[in-house]
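# Per-entry structural report
Letter by letter, the chains look like this.
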Amino acid sequence: MTMKKLKWGMIGGGEGSQIGPAHRLGAGLDGVFEFSAGALDHRPDYGIDYGQRLGLGDRAYGGWEEMLEAEKKRDDRVDLVTVATPNATHFEITKAFLENGFHVLCEKPMTMTIEEGEDIVEIAKKTGNICAVNYGYTGYSLVRHMRAMIARGDIGKVRLVNAEFAHGHHADATDADNPRVRWRYDPAQAGVSAQFADCGIHALHMASFVTGQEVEKLSADTVSCIDVRTLEDDAMVNFRMDGGAVGRLWTSSIAIGRQHGLGIQVFGETGGLRWSQEHPNQLYYMPLGERLQVIERGEANLSPEADRTSRVTIGHAEGMPLAFANIYADLAEAISARKESRIMDSAANLYPRAEDGLRSMAAVFAVAQSGKEDGKWMDARPPMFR
Ligand code: NAI
């Protein structure tokens, strides 16, 4: 990877936010992106103060519009902008930065509607700017290896994918009215889906990422296990993929005892693979008729995609900020290759795209509708990809 410095900015991710620190760690890890600008908080004074404490100087802005106006006039403008604000603001901010010549990494869900998602895909195409979406868990080395193994036929034709993202952090009915929890299940603020749009889309995207197949149709059983909620806190989604794979997905926020709870299993005609985000350094592989094997991150003779994304030697724990760092490393390579008019490293060309963000949005609406219609099968593809 080139080590020429790139400039990076962030919107949202202010002090005390959930995901801001992981972005700063991920972007900073390789020393390629220099944190140069930010509009970090919805409260201008807090954003400026925090940005200055993080060393942004006069490039700590009070709002994203101000940041856009100031940055677009600079010769040393930021090369990449991360949008890590609440969901309803993603579309407007991402659109504005793309249209003004910036590359963007947008948090998921990329938009609130399918139409907005289609707009972003079209704007990215028209402007030629990169719009990536932070399905950051695809940055794990062994997830990349799983994808490479499936692509080269190690488990044969994929028959079945089983994906999960089930945690228990909203399981307390006595806390369900707490405003910090309640908004997530309120359609006026969260849109058509709660748990599936928040977590389920990570698992669904991962199913596509590792199999190389896209979701065509789905049927969902959505429920609010806690009565005061309008939107679902649990969903079971059956789906079918365009390469013939059958998909099962469970997502929940009331699964007491589960922590992060993201995992994926893929079963093919000649083998099976299993990986879980809480134990990211092991991939379980069972070739048909042989013994179960444990593939360790960092071991010899893995795929180039796995080698590129393994950061410390075998046996040392590697986790989520390093997975995010791999998304940033992909983007650094993509942006540098453009600046230097060269072909990018193909092993880095794996960051999730606006098209993936759009596919998720179509799936979110299909799940919500199917849930309302007793599990009726729905076309899960965005209209522009049908
Ligand atoms: P949060 O509520 O903890 O933090 C949001 C931050 O954005 C706060 O600092 C707030 O002041 C700031 N903010 C809000 N509106 C703003 C505006 N208009 N301009 C500038 N700053 C603004 O939220 P959290 O949990 O960090 O989530 C942010 C986004 O990241 C969400 O879209 C969420 O879905 C996504 N996320 C993604 C994860 C992943 O694994 N990819 C994990 C967690 C969250």
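Worth saying up front: this structure is predicted, and the values here are computed from it rather than measured.

Once that is clear, we can look at the nonpolar core. Note that soluble globular proteins tend to have their nonpolar side chains buried in a common cluster. One finds Phe97, Met146, Phe196, Val210, Ile264, Val266 and Trp275 to be the most contacted residues of the largest nonpolar core, which totals 80 residues. Ranked by residues supplied to this core, first place goes to helix α9 (residues 195–211) with 10 residues. Two domains each put at least three residues into this core: domain 1 (6–133) and domain 2 (138–313 + 358–372). Not counting chain neighbours up to four residues away, the residues in contact with valine 266 comprise Met146, Ile150, Ile155, Val158, Leu160, Val161, Val210, Thr211, Gly271, Gly272 and Leu273.

Another aspect to go through is the sheet that holds strand β3 (residues 80–84). One open sheet holds the five strands; their spatial order is β2-β1-β3-β4-β5, and the pairing between them is parallel. This sheet does not close on itself; its edge strands, each paired only once, are β2 (33–39) and β5 (131–133). The sheet shows a mean angle of 25° between the axes of neighbouring strands, taken without regard to direction. Here strand β1 (residues 6–12) pairs with β2 via six bridges, running parallel. Residue lysine 7 lies in a different strand from β2, and its bridge partner there is glutamate 34. In the packing of helix α3 (residues 64–72) onto the sheet, contacts are made with β1, β2 and β3, and the angle to β2 comes to roughly 125°.

On to the site of the ligand, then. Around the ligand lies a shell of 22 residues, among which Gln18, His42, Asn87, His90 and Tyr137 are the nearest. Within the side chain of asparagine 87, a nitrogen or oxygen atom sits 2.6 Å from an oxygen atom of the ligand. One of the side-chain N or O atoms of histidine 90 is found 3.0 Å from an oxygen atom in the ligand. Summarising the interface, the protein chains cover 82% of the accessible area of the ligand, which totals 860 Å² for the free molecule. Split by residue class, the shell around the ligand holds eight nonpolar, 11 polar and three charged.

To continue, consider the pairing of β2. Counting buried residues in β2 gives six out of seven residues, a clear majority hidden from the surface. Crossover handedness for the path β1 to helix α1 (residues 20–28) to β2: right-handed.

Here the focus is the side chain of arginine 59. With respect to the element layout, arginine 59 can be found in the loop between α2 (44–53) and α3. In this structure arginine 59 comes out as buried when scored by relative accessible area, which is 6%. There is a polar contact of 2.7 Å between the side chain of arginine 59 and the side chain of glutamate 71. Other than its neighbours up to four places away in sequence, arginine 59 contacts Lys7, Ser36, Ala37, Gly38, Glu71, Arg74, Asp76, Arg77 and Val78.

Right, let's talk about the UniProt feature "domain: GFO/IDH/MocA-like oxidoreductase" (unreviewed entry) in the chain for a bit. Annotation from UniProt places "domain: GFO/IDH/MocA-like oxidoreductase" (unreviewed entry) at residues 143–273. Overall, residues 143–273 shows 26% helix and 33% strand. The separation of its end C-alpha atoms is 10 Å.

Attention now goes to the environment of glutamine 293. With respect to the secondary-structure elements, glutamine 293 resides in strand β13 (residues 293–296). When near neighbours in sequence (up to four residues on either side) are disregarded, glutamine 293 contacts Leu283, Tyr284, Tyr285 and Pro287.

Another point: the packing of aromatic side chains. A full pass over the atoms with the stated rule returns eight aromatic pairs. Summarising the aromatic geometry, the rings of tryptophan 8 and phenylalanine 35 are spaced 4.8 Å apart at their centres and angled 40° between planes, so their arrangement reads as tilted. Within this pair, whereas tryptophan 8 is found in strand β1, its partner phenylalanine 35 is found in strand β2, the two being separated by 27 residues in sequence. The exposure class assigned to tryptophan 8 is buried, which follows from its relative accessible area of 1%. On the numbers, 6.4 Å between centres and 75° between planes, the contact of tyrosine 137 with phenylalanine 165 is edge-to-face. Here the residue tyrosine 137 occupies a position in the loop between β5 and α6 (141–151), and phenylalanine 165 occupies one in strand β6 (residues 158–166), the gap between them amounting to 28 residues. Each member of the pair tyrosine 137 and phenylalanine 165 is classed as buried. Positioned above the aromatic ring of tryptophan 377, the side-chain terminus of lysine 217 is 5.2 Å from the ring centre. In this structure, arginine 274 packs its charged tip against the face of tyrosine 284, placed 4.7 Å from the ring centre.

This paragraph deals with the UniProt feature "domain: Gfo/Idh/MocA-like oxidoreductase N-terminal" (unreviewed entry) in the chain. As annotated by UniProt and renumbered to match this structure, "domain: Gfo/Idh/MocA-like oxidoreductase N-terminal" (unreviewed entry) occupies residues 60–135. The annotated region residues 60–135 carries 43% helix and 16% strand content, and the separation between its end C-alpha atoms amounts to 27 Å.

On the basis of which strands lie adjacent, the open sheet formed by nine strands has the order β13-β12-β11-β10-β6-β9-β8-β7-β14 and mixed pairing. Taken across any chain shown, the strands that pair with only one partner, and hence form the sheet edges, are β13 and β14 (378–379). In terms of strand pairing, β6 meets strand β10 (residues 262–268) through seven bridges, oriented antiparallel. Counted as the bridge partner of alanine 163 is isoleucine 264 from β10. The strands touched by α6 are β6, β10, β11 (271–276), β12 (279–287) and β13; relative to β12, the strand with the most contacts, the crossing angle is about 20°.

Calculation notes
Residues numbered from 1 in each chain as written. Predicted model: local features only at pLDDT ≥ 70, side-chain atom pairs only at ≥ 80, totals over all residues. Heavy atoms only, no water. Core = buried A, V, L, I, M, F, W, Y, C linked by side-chain atoms within 4.5 Å. Buried < 20%, exposed > 50% of the residue type's maximum accessible area, 1.4 Å probe, protein only. Helix = DSSP H or I, 4+ residues; strand = E, 2+ residues; numbered from the N terminus. Domains from an automatic or database assignment. Contact = heavy atoms within 4.5 Å. Pairing = 2+ DSSP bridges. Axes fitted to C-alpha atoms, helices over the stretch in contact; angles between N-to-C directions. Near = heavy atom within 4 Å. Polar contact = N/O pair within 3.5 Å; in protein donor to acceptor, adjacent residues only side chain to side chain. Areas by Shrake-Rupley, 256 points an atom, 1.4 Å probe, with all protein chains shown as cover. Nonpolar A, V, L, I, M, F, W, Y, C, P; charged D, E, K, R; others polar. Right-handed = clockwise from strand over helix to strand, strands pointing away. UniProt positions renumbered as here; feature names shortened; annotations may be inferred. Phe/Tyr/Trp six-rings, centres within 6.5 Å; stacked < 30°, edge-to-face > 60°. Lys NZ or Arg CZ within 6 Å of the ring centre and 35° of its normal.

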